[in-house]
Amino acid sequence: MLVPRPHLGEPLALDLLNTRWISPDGPQDLLTDVDGLRQWLAENALTAPADEPTLRALLTAREAIANTVRDRSFDELNAVLDHGRVRRRLTADGPADLPDVGQARWLPAWLAADDLLRLWGVAPERIKQCAHPNCVLYFYDTSKNGTRRWHSMLTCGNRAKATRHYAKKTRSED
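If you're wondering where the values come from, they're calculated on a predicted model, not measured in any experiment.

Chemist: I keep staring at the pairing of strand E1 (residues 20-23) and nothing clicks. Help me out?
Modeler: Two faces belong to every sheet, and in a regular strand the side chains alternate between them. Going residue by residue along E1, you find Trp21 and Ser23 tucked away on one face and Arg20 and Ile22 left uncovered on the opposite face. Pairing of E1 with strand E2 (residues 26-29) involves four bridges; the strand directions are antiparallel. For tryptophan 21, the partnering residue across the bridge sits in E2 and is glutamine 28.

Chemist: What's the story with the environment of arginine 118 in this structure? I'm lost.
Modeler: Within the secondary structure, arginine 118 sits in helix H5 (residues 107-122). Separated by 105 residues in the primary sequence, arginine 118 and alanine 13 have C-alpha atoms spaced 9.6 Å apart.

Chemist: Looking at this structure, how should I read the nonpolar core?
Modeler: What tends to happen in soluble globular proteins is that the nonpolar side chains get buried as a cluster. If you look at the biggest cluster of nonpolar residues, it comprises 40 residues, and the most contacted ones within it are Leu16, Leu31, Trp40 and Ile65. Looking at this core, the elements that each hand over two or more residues are helix H1 (12-17), helix H2 (34-43), helix H3 (52-71), helix H4 (75-81), H5 and strand E6 (138-140). It is H3 that contributes the most residues to this core, eight residues altogether. Setting aside anything within four residues of it in sequence, one finds isoleucine 65 in contact with Ala13, Leu16, Leu17, Leu77, Ala112, Ala113 and Leu116.

Chemist: Is there a simple way to think about H5 in this case?
Modeler: In an α-helix, one turn spans 3.6 residues; hence positions three or four apart end up facing the same way. An ideal rise of 1.5 Å per residue puts 22 Å on 16 residues; H5 measures up with 23 Å between its terminal C-alpha atoms. For H5, every residue scored as buried is listed here: Pro108, Ala109, Trp110, Ala112, Ala113, Asp115, Leu116 and Leu119.

Chemist: Honestly, the pairing of strand E4 (residues 94-101) in this entry has me stumped. Any pointers?
Modeler: By the bridge criterion, eight bridges tie strand E3 (residues 84-91) to E4 in an arrangement that is antiparallel. Within E4, the position partnered with threonine 91 by the bridge is glycine 94. Between E3 and E4, which follow one another and run antiparallel, lie two residues.

Chemist: What am I meant to see in unusual backbone geometry here?
Modeler: A positive phi is found at alanine 45, a non-glycine position, where the angle reads about 55°. Residue placement: alanine 45 occurs in the loop between H2 and H3. Looking at alanine 45, the relative accessible area reads 70%, which means it is exposed. Of note in the backbone geometry, arginine 72 takes a positive phi value of approximately 55° without being a glycine. By secondary structure assignment, the location of arginine 72 is in the loop between H3 and H4. Accessibility expressed as a relative area gives 45% for arginine 72, which makes it partly exposed.

Chemist: Just checking my understanding: could you explain the packing of aromatic side chains for this structure?
Modeler: Aromatic ring pairs: the centre-centre distance and the angle between the two ring planes describe each pair. Tallied over the entire structure, the rule returns one aromatic pair. Geometrically, the ring pair formed by phenylalanine 74 and tryptophan 120 is edge-to-face, given 5.9 Å between the ring centres and 85° between the ring planes. Here tryptophan 120 lies in helix H5 and phenylalanine 74 lies in the loop between H3 and H4, a separation of 46 residues in the sequence. Relative accessible area serves as the criterion here: at 38%, phenylalanine 74 is assigned to the partly exposed category. Given a relative accessible area of 23%, tryptophan 120 falls into the partly exposed group.

Chemist: Sorry if this is basic, but what is going on with the side chain of threonine 68 here?
Modeler: Examined against the element boundaries, threonine 68 turns out to sit in helix H3. In this structure threonine 68 touches Ser73, Phe74, Leu77, Leu116 and Trp120, once residues within four positions along its chain are discounted.

Chemist: I keep staring at the environment of histidine 83 and nothing clicks. Help me out?
Modeler: Within the secondary structure layout, histidine 83 lies in the loop between H4 and E3. Counting along the chain gives 23 residues from histidine 83 to tryptophan 106, while the straight-line C-alpha distance between them is 6.7 Å. Every residue in contact with histidine 83, bar those within four places of it in the chain, is listed here: Asp100, Val101, Gly102, Gln103, Trp106 and Trp110. Of the polar contacts made by the side chain of histidine 83, one reaches the side chain of tryptophan 106; its length is 3.5 Å.

Thresholds, definitions, all that
Residues numbered from 1 in each chain as written. Predicted model: local features only at pLDDT ≥ 70, side-chain atom pairs only at ≥ 80, totals over all residues. Heavy atoms only, no water. Buried < 20%, exposed > 50% of the residue type's maximum accessible area, 1.4 Å probe, protein only. Helix = DSSP H or I, 4+ residues; strand = E, 2+ residues; numbered from the N terminus. Pairing = 2+ DSSP bridges. Core = buried A, V, L, I, M, F, W, Y, C linked by side-chain atoms within 4.5 Å. Contact = heavy atoms within 4.5 Å. Expected span 1.5 Å × (residues − 1). Phe/Tyr/Trp six-rings, centres within 6.5 Å; stacked < 30°, edge-to-face > 60°. Polar contact = N/O pair within 3.5 Å; in protein donor to acceptor, adjacent residues only side chain to side chain.

Keep in mind that these numbers describe shape and distance, not what the molecule does.
So, in structure tokens, the structure goes:
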């Protein structure tokens, strides 16, 4: 059974972070079992074994990515990256950079960590956590001036506006 996640479509590294979210029922985590792993792999068109070793590797990568974006702590991310490399090849379609990961269980984890490197190399300041105080989701800010604050204007942005409006209305009634 597919678990509906509140925010899809982010780059792979941030999508992995977004496998944890807060719902009206409390904290949620898609990656508590192999079924959740299977769903995440399918949502990201990744072919990898949906088994416990892959799940453990992916959880390791999720924590490493979280620690990198929150605390600027790089050792854990580099440890995940040590499980693979990019192999350059000439193919019928031209030059290609192909992931070369020794153990299949590390491929999704390595791809997510490598994706964070790509984002970091372009604009690390655009990797953001939603500004709503009750939201734990991340997004890559693609707005023209880099000032996006919410993972979604329809949910967290509107909630923040409604809260401000209510507070302003309550103050003016006093």
